[in-house]
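So the chains spell out like this:
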Amino acid sequence: MEETYLYDPNLLLKLDFHQSPAKFNPFISAACPGETWLKVRPLKDSDFDRGFLQLLSQLTHVGPVSRTQFLTRFSQMKSTGDYYVTVIEDARKNEIIAAASLVIERKFIHNCAIRGRLEDVVVNDTYRGKQLGKLIVVTVSLLARYLGCYKMTLDCKDKLIKFYESLGYVLVPGNANSMTIRYDDEPSSAKHNLTSFNSVTNDSPPAEACQTVSLDFNS
């Protein structure tokens, strides 16, 4: 059965990891992740069977997502062209072990520019010491730059600020706290209203105790 990528995998081969301030020791990249059995690539429609949702459950609540739901959401994301979910696969086990998402926002400001958001960063905690956290974040950050985003933003917990600063992100002056409004507890009928209009939404609950961090490509 032919597998479908969420986006063109050749984009990852065009990224210049020397443009990132991240320090890799030894040096690795999306094209050469350090081990022959590691693969950095876009999400595939077949990754439902490679433990992608189970990996996300290490980050936040996922719920009992069926194969049909997964494939429907995958198709919706692919059709917009604004979702760049990137994963790292352990080819020995046929298993997804790391992931991060770049979500594109299309703006009227800055001459109708596009902005990137980094979301849903997760690495299987049994793969420590292989720089995979840095690798997956730098990959999607460079991808945002390559696609022409004028900046990339993320929300993270306080304990992760130093990690993201080492990758080039900076705290936004005067905007250090992230605020949110939650709709998780609303009656299911309210959620069905969105579905009936075929809205494409992000199902992941916002991170709690966050700070806003930004990577500006104009400076």
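Scoring rules and cut-offs
Residues numbered from 1 in each chain as written. Predicted model: local features only at pLDDT ≥ 70, side-chain atom pairs only at ≥ 80, totals over all residues. Heavy atoms only, no water. Helix = DSSP H or I, 4+ residues; strand = E, 2+ residues; numbered from the N terminus. Contact = heavy atoms within 4.5 Å. Phe/Tyr/Trp six-rings, centres within 6.5 Å; stacked < 30°, edge-to-face > 60°. Buried < 20%, exposed > 50% of the residue type's maximum accessible area, 1.4 Å probe, protein only. Polar contact = N/O pair within 3.5 Å; in protein donor to acceptor, adjacent residues only side chain to side chain. Expected span 1.5 Å × (residues − 1). Arc of directions from axis to C-beta. Pairing = 2+ DSSP bridges. Right-handed = clockwise from strand over helix to strand, strands pointing away. Core = buried A, V, L, I, M, F, W, Y, C linked by side-chain atoms within 4.5 Å.

Looking at the secondary structure, you find Ser101 in strand β3 (residues 95-106). For Ser101, the residues in contact, after removing those within four places along its chain, are Tyr84, Val85, Arg117, Leu118, Glu119 and Asp120.

The next thing to look at is the packing of aromatic side chains. On inspection of all chains with the given rule, the structure shows nine aromatic pairs. Seen from their ring centres, Phe24 and Phe27 are 6.3 Å apart, and the 90 degrees between their planes marks the pair as edge-to-face. When its relative accessible area of 11% is taken as the criterion, Phe24 is described as buried. The partly exposed category is assigned to Phe27, whose relative accessible area is 44%. With a centroid separation of 6.0 Å and an interplanar angle of 85 degrees, the aromatic rings of Tyr164 and Tyr169 are classed as edge-to-face. Overall, the relative accessible area of 1% leaves Tyr169 in the buried class.

What follows concerns the side chain of Glu89. Summarising the element assignment, Glu89 is placed in strand β2 (residues 83-90). Judged by its relative accessible area of 5%, Glu89 falls in the buried class. At 3.0 Å, the side chain of Glu89 forms a polar contact with the side chain of Arg41. Once you skip the residues sitting within four places of it in the chain, Glu89 turns out to touch Trp37, Leu38, Lys39, Arg41, Arg50, Asn94, Glu95 and Ile96.

In this section: helix α2 (residues 67-80). With 14 residues, α2 ought to run about 20 Å at 1.5 Å a step, and its terminal C-alpha atoms sit 20 Å apart, in line with that. Along α2, the positions that sit buried rather than exposed are Phe70, Phe74 and Met77. For α2, the arc enclosing every buried residue in end-on projection is 65 degrees, short of the 170-degree limit, so these residues lie on one face. Exposed residues pointing more than 90 degrees away from the buried face of α2 are listed as Thr68 and Ser79. Backbone geometry just downstream of α2 places Gly81 in the positive-phi region, at approximately 75 degrees.

Relative to strand β5 (residues 151-157), strand β4 (residues 114-123) runs parallel, the two sharing two bridges. Its bridge partner lying in β5, Gly116 is registered against Met152. Of the crossover connections in this fold, the one passing from β4 over helix α4 (residues 132-147) to the parallel β5 is right-handed.

To continue, consider the nonpolar core. With 59 residues, the main nonpolar core has Phe52, Ile88, Leu118, Met152 and Tyr169 as its most contacted residues. Looking at this core, the element that brings in the most residues is α4, giving nine residues. Ignoring sequence-local partners within four residues, the contact set of Tyr169 consists of Leu118, Val137, Ser141, Met152, Leu154, Tyr164, Val213, Ser214 and Leu215.

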